[in-house]
Amino acid sequence: MKNKQTETKSRSGFGLTRHLISGVLCFAVISLICSSASAQNLFAVGVDPTTGGFNGSIDEFTPNGVRSIFASGLTSPFALAFDRRGNLFVADAGSGAVYKFTPAGVRTTFALGLSVTVGLAFDSAGNLFATEFYSGQIYKFTPNGVRSTFASGLGEPQGLAFDKAGNLFVAVLGGVVKFTPTGVRTAFASGLTTPFALAFDSGGNLFVADGGDPWDYPPVDGAVYKFTPTGVRSIFASGLTYPDGLAIDSADNLFVADVHWEQQTLAGSILKITPSGVRTTFASRIVAAMAFQRNLAPNPAPYDFNDDGHSDYLLYNSSTRQTAIWYLNNNVLIGSASGPVVPAGWSVVGVADFNRDAHPDYALFNSTTGQTAIWYLSGPTLLSGAFGPTLPSGWALLATADFNGDNKPDYVLYKASTGQTAIWYLNNNIFVSGAYGPTLPAAWSLIAP
């Protein structure tokens with residue numbers, strides 16, 4: 001494993017410390033990024049424990065440690081991050097790309113032309129920030145993928161984390177730097193060895209994974225440091241080998257990825273440390289970039305067609321059957337786009353993300369035939385369509401909403417002659433089951449769920 005004739009050395013992060021030019025071994029900086037709940041699935045870059053090389057897959061672990069493969073076909077994934085809609089973004093160093101995976105596993109290319117991206121993080125507005133290790137740059141990508149340089153001239157930047165005020169913290173060689181939302185840079189911490197990953201708890205304390213190099217002799221023990229919001233430093237966890245990643249759940253439990261060698265084979269554990277310091281092993285032999293899945297709560301802005309975090313207007317012209325999107329920022333119109341034309345006899349009765357690609361779709365209803373349909377959109381653009389279930393005679397489709405909490409839109413039905421309501425539970429456009437809702441009093445009608 002350690003052929004010095006084919007290795008190149010960098011004194012920074014473990015994952016970038018050694019590269020076997022033969023291509024057998026190329027490790028990522030191990031990073032953990034936590035979303036807002038403890039009962040979430042963990043996603044991790046797949047590693048072959050025998051060779052120590054990437055197998056090009058993203059593994060998914062349930063809270064109980066049950067493993068499955070979420071995605072495959074990648075080259076050298078280094079960093080993972082989830083956006084607010086539950087999409088997983090993967091920095092793949094082998095291809096120089098950042099890929100986007102929907103919760104259903106649909107993959108698209110978000111960005112190209114990057115080099116050794118080892119850190120990813122989202123701000124509260126949905127912008128993606130990415131560090132390039134060798135160039136010392138941080139790039140900012142808007143939700144639509146427009147790229148700009150946020151900062152440059154950094155010393156081997158790696159892990160990223162945002163605090164609640166929108167300040168960006170970056171692990172660099174020997175310390176941590178802080179950027180305000182406008183890009184003003186200050187030194188937040190110094191005197192560290194090789195900080196890899198960062199994570200904030202609910203109280204605004206910053207945790208920093210600082211470790212040595214597996215090839216150091218004598219070995220340098222790793223530790224996790226805790227910094228208060230004012231920068232006061234203390235040791236939170238010691239006696240680690242090479243802590244390369246951090247995450248904090250909603251109960252402020254700290255997850256640490258700790259790495260070591262076992263008979264020339266890379267191995268490791270994800271440790272769970274409670275706020276009081278009780279340490280247990282969450283999973284074993286997990287050795288690459290990781291991220292906790294966000295809870296796929298109902299989208300707070302279901303009519304957000306341009307993914308800027310703000311609900312938009314859906315307009316309809318009954319004479320031409322044209323639809324249109326008005327993009328809003330609160331009550332201010334900031335742009336518009338024409339949507340698809342609805343066929344005669346059909347009407348748009350709801351908007352929801354039926355195929356879980358993080359884009360709102362149209363729910364259509366034909367009142368003459370009782371037929372329903374889904375139009376799958378990307379912004380205002382119609383991608384494809386599929387028929388949904390046909391409603392019984394006398395019933396109308398009024399709206400869509402997630403009634404059973406499975407993060408999948410359902411149909412709201414109403415029968416005007418009796419005042420009866422009903423819910424049809426769906427999986428995309430497929431009817432799963434149904435249940436009656438309450439009956440409305442006479443002279444009342446159902447407007448919205």
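Preceding this section is the structure that the text describes.
Remember, predicted model here, so these are calculated numbers, not experimental data.

### What to know about unusual backbone geometry
Here is step 1 of the chain: For Asn330, which is not a glycine, the phi torsion comes out positive at approximately 60 degrees.
Here is step 2 of the chain: By the element assignment, Asn330 lies in the loop between β28 (322-329) and β29 (332-341).
Here is step 3 of the chain: Phi is positive for Asn407, which is not a glycine, with a value near 65 degrees.
Here is step 4 of the chain: Assignment of secondary structure puts Asn407 in the loop between β34 (396-401) and β35 (410-415).

### Some details on the environment of Asp353
Here is step 1 of the chain: The residue Asp353 is located in the loop between β30 (346-352) and β31 (361-366) in this model.
Here is step 2 of the chain: For Asp353, a relative accessible area of 24% translates into the label partly exposed.
Here is step 3 of the chain: Apart from residues no more than four positions distant in its own chain, Asp353 is found in contact with Ala358, His359, Asp361 and Pro409.
Here is step 4 of the chain: In terms of polar contacts, Asp353 uses its side chain to reach the backbone amide nitrogen of Arg356, at 3.0 Å.

### What to know about the sheet that holds strand β36 (residues 420-427)
Here is step 1 of the chain: Taken in spatial order, the four strands make up an open sheet running β34-β35-β36-β37, and their pairing is antiparallel. Strand pairing shows two members of the sheet lacking a second neighbour, β34 and β37 (430-439), which therefore form its edges. Strand-to-strand twist of the sheet, defined as the mean angle between neighbouring strand axes without regard to direction, takes the value 25 degrees.
Here is step 2 of the chain: Across seven bridges, β36 lies against β37 in antiparallel orientation. Considered in β37, the bridge of Tyr425 is made with Ser433.

### Some words on the sheet that holds strand β27 (residues 313-317)
In sheet architecture, strand pairing relies on hydrogen bonds along the backbone and comes in two forms, parallel and antiparallel.
Here is step 1 of the chain: Read from one edge of the open sheet, three strands run β27-β28-β29, paired in antiparallel fashion. Of all strands in the sheet, those with a lone pairing partner are β27 and β29, marking the two edges. Sheet twist, expressed as the average angle between the axes of neighbouring strands with direction ignored, equals 25 degrees.
Here is step 2 of the chain: Sheet topology note: the β28/β29 ladder contains seven bridges and is antiparallel. Bridge pairing in β29 links Tyr327 to Gly335.

Conventions and cut-offs
Residues numbered from 1 in each chain as written. Predicted model: local features only at pLDDT ≥ 70, side-chain atom pairs only at ≥ 80, totals over all residues. Heavy atoms only, no water. Helix = DSSP H or I, 4+ residues; strand = E, 2+ residues; numbered from the N terminus. Buried < 20%, exposed > 50% of the residue type's maximum accessible area, 1.4 Å probe, protein only. Contact = heavy atoms within 4.5 Å. Polar contact = N/O pair within 3.5 Å; in protein donor to acceptor, adjacent residues only side chain to side chain. Pairing = 2+ DSSP bridges. Axes fitted to C-alpha atoms, helices over the stretch in contact; angles between N-to-C directions.

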